[in-house]
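Next come the chains, spelled out residue by residue.
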4 protein chains.
Amino acid sequence: MPRTKKDVVTEFRTSEILRAAHRVFAERGFEQATMEDIAKVAGVAKGTLYLYYASKQDIYAAALHRCAVELTARTSSALDGAAGVEDKIRAFIAAKLRFFEEHRDFFRLYDQEFGRLPHRHGAKGRHVDELYLAQVTALEHVLQQGVRGRVIRPIRTQAVARAILDMSRSLATRRLREPGHGDLEDDIAFAFDLTWKGIGHR
Amino acid sequence: MPRTKKDVVTEFRTSEILRAAHRVFAERGFEQATMEDIAKVAGVAKGTLYLYYASKQDIYAAALHRCAVELTARTSSALDGAAGVEDKIRAFIAAKLRFFEEHRDFFRLYDQEFGRLPHRHGAKGRHVDELYLAQVTALEHVLQQGVRGRVIRPIRTQAVARAILDMSRSLATRRLREPGHGDLEDDIAFAFDLTWKGIGHR
Amino acid sequence: MPRTKKDVVTEFRTSEILRAAHRVFAERGFEQATMEDIAKVAGVAKGTLYLYYASKQDIYAAALHRCAVELTARTSSALDGAAGVEDKIRAFIAAKLRFFEEHRDFFRLYDQEFGRLPHRHGAKGRHVDELYLAQVTALEHVLQQGVRGRVIRPIRTQAVARAILDMSRSLATRRLREPGHGDLEDDIAFAFDLTWKGIGHR
Amino acid sequence: MPRTKKDVVTEFRTSEILRAAHRVFAERGFEQATMEDIAKVAGVAKGTLYLYYASKQDIYAAALHRCAVELTARTSSALDGAAGVEDKIRAFIAAKLRFFEEHRDFFRLYDQEFGRLPHRHGAKGRHVDELYLAQVTALEHVLQQGVRGRVIRPIRTQAVARAILDMSRSLATRRLREPGHGDLEDDIAFAFDLTWKGIGHR
DNA sequence: AATGAATGAGGCTTCATTCAT
DNA sequence: GATGAATGAAGCCTCATTCAT
């Protein structure tokens, strides 16, 4: 099944468009972004966008999806690369924060979608939700493993997994909101520490 | 200083418009909401909106502000009404979650603004930011008190205060995202427990 | 037929409204002037305007009419007060220029209407046209008298009368357009001289 | 430098839009003219107007400018084509009146702008003012030449140049105001005669 | 008579989408 | 396939006019 030249071009265009869409949606948000903007950044004509995607909505969904895929890949490999439960959790948090630190555009997009309730573009998020759930599940497995090994006290693992996701997202938000927020590693350590020990005095 | 009838009417209109704006902005988001929508829900003509607010932006800002004020009032009195440090924190989390549970529209609006990075309507949020900071500070004082009394271990109180705010917002988001999410009191207990003890086994 | 108090009030209001209308229309032109503006300057409420005039159009027409009446009165008495033909013409030109110099608002209004072709408010001008014609006729009589007395060469008196009106209006326009235009008396002398002798060398 | 087909289309559209704008602005004036009207007359959709001009103001300015350019071209070539001072002046007046007679729309537009004081759209007229001044200057040179050659008596040439411009504009206004005004050539002769000889008996 | 809050038609402008080249 | 000119629906806002008080 040889990839034709057409395939290559298609892939290239698709990729350029998504990259552009990312940037534009991240900068301006869904409504303020215009097809014109995206086309310009992508280096194609406005009409071309419609050869690859059916609508603005579709481009947004695709951009968001790619964003989620990349993040998921990152966190998955972080989990795989770490040894014990404690390290896995720390690695997870670190991976997420580092990823966002490096790809602020991605984060802005991700944040627009996950930090809040959906209104209207709801439908677009189907696949994205699955990726989100995949992350939750992966983290949940780690937690369950920790509970079984008595490293973690008995807790509602799914709820905690989500709380960890939320906390890291919130932290990333804050880091972008307030530039000069301090050392990233400190924040990672802080988030992990809080997660792990809570605030109560022993 | 007798309030004239005019004042009453003005107040009534203002209030009706804000109520309507709340609903519409919450349902559709800033961009998708139309002045027409708001007017219809408020039961007035489009032009009337402009007798009370100078622009769509202004209405949004006012609605958001009212939202923040009400929430802040709620959490403040929760803090005041609780006795010890532990109770205060629990009360704070509970107040926030209950408030949002009761006023879903408020939350949707609040969430649109606080759960994410600002793009453009940034300027509108000046006062709102102050209210947010007031909450952070109030909670921070409680935490400092706890640290001094050795009820709470030595931590970066501001960062933790923010983390608590974020966690409760995230939880509220999830509750609205997924209806039938379970008992509210359970979630409150969970959030507090996690905050207080962390996940680590002692 | 004793004038009731009502009549006095009516007259006062009418007058105030027209004065205000003058100023506002002169400053902003018909379309840019708002009823709100006029009401504010007149010191009455917007609704009150409609008790005295049926529409914005009507106010405009009335203001214009008053303007024309005052100007006509001025030029008429100038003609009456001067002795010979030559003096009458000079006095006419002088009266017009001086009047506009003193009442720039009037001129702006007058100019908006007479310096140009009518488009839409055409109907309003009926009475005003009559006043304009009255001026033409008055001046024409003087010219005819001059022709009969051989002081003026045989010419189409009506056309010349209009030309004189136009020239003085144009001069006034230029004086307002370009502040610091020079001495008024010089311009009067110039206009008369040009009118009287033409530019040809004898 | 081959003109592409695109250039041709662009030029055509631009021209059609200006032609339409001319007509509409001439008929209704700036404020009463709507973009809808212009689009309809131009045979394009409303949005298309904005592909060629940034705003209603811009279209107006462009239409006015074209109007002034065409008139200036006409009067310039009239001056060039005539021999002596006397003929040049007559040719100038004739050119202006004939031009307006043939292009009534142009005149209506021109008149709206030049016969009166500017209020607000003032800024638009920069280039147009230059063209006006160019006319004044051209005519002034002729007058100066006449003065030097003793064909014209010593006069303030600039003021007279302006007076001639004004008189011809006024005459054109009158011709359009009152249809059936009589033979154009008669009016030209009259205007020149009056200008040249004045009204005084020799 | 006077008020001014309320109305809603209508204008300018933007932009997602289409389609002829 | 690629283009970008053209479209026209839709939104924010203004303001002449009305009418209940």
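Computed from a predicted model, the values in this text were never measured in an experiment.

A. A look at the packing of helix α1 (residues 5-32) of chain A against helix α2 (residues 35-42) of chain A. All names here are of chain A. Contact pair α1 / α2: the axes reach a minimum separation of 8 Å and the direction vectors enclose 145°. In this structure, the crossing between α1 and α2 has a hand that is right-handed. Every residue of α2 that contacts α1 at E16, I17, A20, A21, R23, V24, F25, R28 and Q32 is listed here: D37, I38, V41 and A42. Of the residues that constitute the contact of α1 with α2, the class distribution is 8 nonpolar, 1 polar and 4 charged.

B. Looking closely at the confidence of the model for chain A. A residue-level look at chain A finds 88% of positions with pLDDT of 70 or above and a mean pLDDT of 86. Within the model, the stretch residues 119-123 of chain A combines pLDDT values under 50 with 13 contacts to residues more than four positions away or in other chains.

C. Representation of the environment of D37 of chain D. Residue and element names in this part refer to chain D. Looking at the element boundaries, D37 is found in helix α2 (residues 35-42). A relative accessible area of 19% means that D37 is categorised as buried. Taking the C-alpha atoms as reference points, D37 and L171, separated by 134 residues in sequence, lie 30 Å from one another. Excluding its chain neighbours within four sequence positions, the residues that come into contact with D37 are V24, R28 and Q32. Within the local environment of D37, its side chain forms a polar contact with the side chain of R28, the two groups lying 3.1 Å apart.

D. Summary view of the protein's contact with DNA strand E. Around DNA strand E, the structure places 34 residues, and the nearest of them are R13, T48 and Y52 of chain B together with T48 and Y52 of chain C. When atoms of DNA strand E within 4 Å of the protein are sorted by moiety, sugar and phosphate together comprise 68%. Measuring from a base oxygen of DNA strand E, one finds a side-chain N or O atom of K46 of chain D at 3.3 Å. Of all the secondary structure elements, the ones that give two or more residues to the surface near DNA strand E are α3 (46-52) of chain A, α1 (5-32) and α3 (46-52) of chain B, α1 (5-32) and α3 (46-52) of chain C together with α3 (46-52) of chain D. A class-by-class count of the residues in the surface near DNA strand E yields 16 nonpolar, 8 polar and 10 charged.

E. How the structure looks around the pattern of salt bridges. Under the defined criterion, the tally for this structure stands at 64 salt bridges over all chains. Between D37 of chain A and R28 of chain A there is a salt bridge whose closest N-O contact spans 3.1 Å. Its salt-bridge partner being R104 of chain B, residue E101 of chain B comes within 3.4 Å of it at the nearest N-O pair. Using a relative accessible area of 21% as the deciding quantity, one classes E101 of chain B as partly exposed.

F. Here's a closer look at the packing of aromatic side chains. Across all of its chains, the model carries 21 aromatic pairs over all chains by this definition. Summarising the aromatic geometry, the rings of F25 of chain B and F30 of chain B are spaced 5.7 Å apart at their centres and angled 15° between planes, so their arrangement reads as stacked. Across this residue pair, the class does not change: F25 of chain B and F30 of chain B are buried. A centroid spacing of 5.5 Å and a plane angle of 25° characterise the contact between F192 of chain B and W196 of chain B, whose relative ring orientation is stacked. Here the residue F192 of chain B and the residue W196 of chain B both occupy positions in helix α9 (residues 184-197), the gap between them amounting to 4 residues, near one helical turn. Within the aromatic cluster, the residues linked to one another by ring pairs are F25, F30 and Y60 of chain A. The ring of F192 of chain A has R90 of chain A sitting right over it, with the charged end atom 4.3 Å from the ring centre. Taking the ring centre of F190 of chain C as reference, the NZ or CZ of R156 of chain D above it sits at 4.7 Å.

G. Molecular detail of the packing of helix α4 (residues 56-81) of chain C against helix α5 (residues 85-102) of chain C. Residue and element names in this part refer to chain C. Between α4 and α5, whose axes approach to 8 Å, the crossing angle comes to 150°. In terms of orientation, α4 lies roughly antiparallel with respect to α5. Crossing of α4 over α5 shows right-handed handedness. Here E70, L71, R74, T75, A78, L79 and D80 of α4 lie close against α5, whose contacting residues are K88, A91, F92, A95, K96, F99, F100 and E102. Taken together, the residues of the contact of α4 with α5 break down into 8 nonpolar, 1 polar and 6 charged.

Each value, and the rule that gives it
- Residues numbered from 1 in each chain as written.
- Chains lettered and ligands numbered in written order.
- Predicted model: local features only at pLDDT ≥ 70, side-chain atom pairs only at ≥ 80, totals over all residues.
- Heavy atoms only, no water.
- Axes fitted to C-alpha atoms, helices over the stretch in contact; angles between N-to-C directions.
- Helix = DSSP H or I, 4+ residues; strand = E, 2+ residues; numbered from the N terminus.
- Left-handed = near helix turned anticlockwise from the far one by under 90°.
- Contact = heavy atoms within 4.5 Å.
- Nonpolar A, V, L, I, M, F, W, Y, C, P; charged D, E, K, R; others polar.
- pLDDT = per-residue confidence, 0-100.
- Buried < 20%, exposed > 50% of the residue type's maximum accessible area, 1.4 Å probe, protein only.
- Polar contact = N/O pair within 3.5 Å; in protein donor to acceptor, adjacent residues only side chain to side chain.
- Near = heavy atom within 4 Å.
- Salt bridge = Lys/Arg side-chain N within 4 Å of Asp/Glu carboxyl O.
- Phe/Tyr/Trp six-rings, centres within 6.5 Å; stacked < 30°, edge-to-face > 60°.
- Lys NZ or Arg CZ within 6 Å of the ring centre and 35° of its normal.
- Parallel < 35°, antiparallel > 145°, perpendicular 65-115°, else oblique.

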